[in-house]
Structure formats: C-alpha cells, structure tokens
Amino acid sequence: MSLKELNLIWLEGQDCAGDTISIKQASNPTLIDVVTGAIPGLGGLKLVYHPTLMFEWGEDAAKVLIDAMEGKYDPFVLILEGAIPEEAKATPGVYCVVGEYKERILMLSEVIDSLAKRCAIAIAVGNCASYGGPPRAHPNPTGAQGLLGYLGKGWKGALGLPVICISGCPPRPDNIVQVIGHAVLAGRGVAPLPELDEWHRPVYLYGHTIHEICPLCGFYSGGVDAHKFGETGCLGALGCKGPITNCNAASIWMDGYGGCTKTGVPCFGCADPSFPDPPTSPFFAKPPMSPFITETVKGMWGHIKMGFARLKRRKI
Ligand code: SF4
Ligand code: SF4
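Rules behind the numbers
- Residues numbered from 1 in each chain as written.
- Chains lettered and ligands numbered in written order.
- Predicted model: local features only at pLDDT ≥ 70, side-chain atom pairs only at ≥ 80, totals over all residues.
- Heavy atoms only, no water.
- Near = heavy atom within 4 Å.
- Nonpolar A, V, L, I, M, F, W, Y, C, P; charged D, E, K, R; others polar.
- Domains from an automatic or database assignment.
- Contact = heavy atoms within 4.5 Å.
- Buried area = accessible area lost by both parts, 1.4 Å probe.
- Salt bridge = Lys/Arg side-chain N within 4 Å of Asp/Glu carboxyl O.
- Polar contact = N/O pair within 3.5 Å; in protein donor to acceptor, adjacent residues only side chain to side chain.
- Helix = DSSP H or I, 4+ residues; strand = E, 2+ residues; numbered from the N terminus.
- Patch = residues over 30% accessible without salt bridge, like charges linked within 9 Å, V, L, I, M, F, W, Y side chains within 5 Å.
- Areas by Shrake-Rupley, 256 points an atom, 1.4 Å probe, with all protein chains shown as cover.
- Buried < 20%, exposed > 50% of the residue type's maximum accessible area, 1.4 Å probe, protein only.

Q: Quick one: what's the story with the site of ligand 2, residue by residue and with numbers?
A: The immediate surroundings of ligand 2 are formed by 12 residues, with Cys-247, Cys-260, Cys-267, Phe-268 and Cys-270 found nearest. When its residues are assigned to classes, the shell around ligand 2 shows nine nonpolar, two polar and one charged.

Q: Before we move on, could you go through the domain arrangement of the protein chain and cite the residues and values that matter?
A: For the protein chain, the domain assignment lists domain 1 (6-205) and domain 2 (208-316). The interface is formed by 20 residues belonging to domain 1 together with 16 residues belonging to domain 2. Together, Arg-136, Arg-172 and Arg-201 form the three largest contributors to the area buried by domain 1 at its contact with domain 2, with a combined 31%. Seen at the junction of domain 1 and domain 2, the total is one salt bridge. Where domain 1 touches domain 2, the interface holds 10 residue pairs in polar contact (both at pLDDT 80 or more). When contributions to the side of domain 1 that touches domain 2 are tallied by element, the ones reaching two or more residues are helix 5 (127-131) and helix 7 (173-187). Take the side of domain 1 that touches domain 2: its biggest share by element is three residues, from helix 7. A class-by-class count of the residues in the side of domain 1 that touches domain 2 yields eight nonpolar, eight polar and four charged.

Q: Describe a nonpolar patch on the surface, listing the residues and the values that go with them.
A: Residues Met-289, Phe-292, Ile-293 and Val-297 make up a contiguous nonpolar surface patch of about 400 Å² in total accessible area. Relative to the assigned elements, Phe-292 resides in helix 10 (residues 289-312). With a relative accessible area of 39%, Phe-292 lands in the partly exposed category.

Laid out in structure tokens, this is it:
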C-alpha cells in the first residue's frame, strides 16, 4: 500500500465537537502545519471529510462517505470523535445518523463497520470515541461505546496497527495533532508506533497520573488542603481525581498555559476510561482513600530511602 498520499476521514458520532474545537487550538504543531505538509514526513495528507470543517454539506458531504465506503479514498486514516451507539443492542431505534444520500440513511455504526474494513489506521479522539464517555454513562440507553470496545482490543487496521486512543474530554490540543502525526509516521515506517498502555493510549503522554506531575503536589506533600475554591492548597478535599487519573494536562495544555489543577480546578478524571461514571464521579466528591493511603505509606518509605541515599552521597 503506497502511503505517499494519505486521506484523513474524521467522523463525528455522539459528540459535542469539543475535540474539533480542541485540535483547532493546537500550536505545536498546528493542524494547518499537519494538513499542509509543513512537518517533514507528514506531506501528502488530505482532510477529505470532517463534518464541522469541510466545505461540502448535505448530500454532497454524504456522497464523500459513500465514496469512501466504496474505496475512492483508500488509503485513509479513520479518525473518530464521539461515541458509537449500537442500535441493535439498545432499545430498538436509530441514535446516530451521519448523513442522508438519495433517501439512503447513513447510520454511524454502518459507516464505521464499512470504513474499519478499509482504513490504514484508526484513531479515537476524546473519551467518547475512545471508551464511550458521557454518551455511555449509566444507564447508557443507546448502547454507546468507544471505538476500542466496538472494534475490540485485537482489531488491527490495514497497516497492522491497533486502535489508538487519545483520551480526555477533550484531550490537549497538541496531544491530538502529535498522536495523529506520530501514527502517520509509524504507518509510513518512518517512526515506531508509540508504546500503548492497556487502554491503547500512548504511554509517553498518559504514563503518569495528574497527581504525579501536578504543580500543587508540594502542598499535598506538606499536608495543605484547599477547602474552598480559590484557596491555596491541594485540591484533594474538593474532589480532585488526580491520584487515579492518567493525564498530562498539568505539563501541557496550550503553549504551556493552563491545565486543570494548575488553574485551581480539581481534576474530574475526564481522561479515565471510567469517566463520567464512578470512580471519577461524583465530580466534586472526594476520591477513594486507598490511593492516598498507599501513596502515604510508599512516600514515607521512599523518603527514608532517599534520606539514607543523600547521607551517603559523595561530596562534590
Ligand atoms: S490538586 Fe489533585 S493532582 Fe494536584 S496534588 Fe492535589 S490531589 Fe494531587
Ligand atoms: S487534569 Fe483531569 S479533568 Fe483535567 S484534562 Fe486531565 S483528566 Fe481531564
């Protein structure tokens, strides 16, 4: 399969377009850099379908999807934003229509079933697309699920790559463009596929909890909790789910600005596969005590070892 020219097909399912809004803020690189080939190795990409950003609308837009299902845009990267309802499993009904062409109704699940058989790479952007997110929240009346559950952890695209998930509600703008770019480079054989965790997220982005990289961690270690919004201190008593959520928002948001706990907002676990069901909710309820206890014990032991190591340290 020649990947010199590679199309991008971005579908929106049960979503709020928040990931689209997020990717438009990316600055390192920008979305424009990626689709105009300004990044070495990423030339030849064409965004042929994106319901929010494309010029075509109505039947013209639906025709692009029909053509894609018939192979006109091979090879392509399938990017999904939003969850996939499973009409057959849920109360009979139609829950996500993505277009209509000559009286043919295109349901998201039908389009995914078809495109998943042809796509070179599949990427789920955001928690809804990755694991179902808010549309999948209990009691999940539409049978919503993410691409990972829908296609299965063993699924592989035409290039042998599994579904790649970029979790978050929404994920950080730069993370989205970087992962899409990285996946394309991996597909072209220019770079290795980033190592993925058990939830198919790149470990280099999701390998740490927010708590481990939080700028407020000094207050946590010093035992200083904030008890009201705006107060100085760790946000744990206000319901922060940082200790149980893998996310890099504290180190990267936009141009180094922002990040939830950095701006005084407790993490509500939007990058966790459980979101928004427990244990990441209720959002402002205190998180489970077990990570706090484990970490306190580990921390005490770690500090004792650190102290001995420092005592023995060679004088400079
Ligand atoms: S604010 Fe949250 S992430 Fe930051 S130190 Fe406190 S508990 Fe951890
Ligand atoms: S810090 Fe928490 S709430 Fe903020 S983006 Fe990360 S997972 Fe979501």
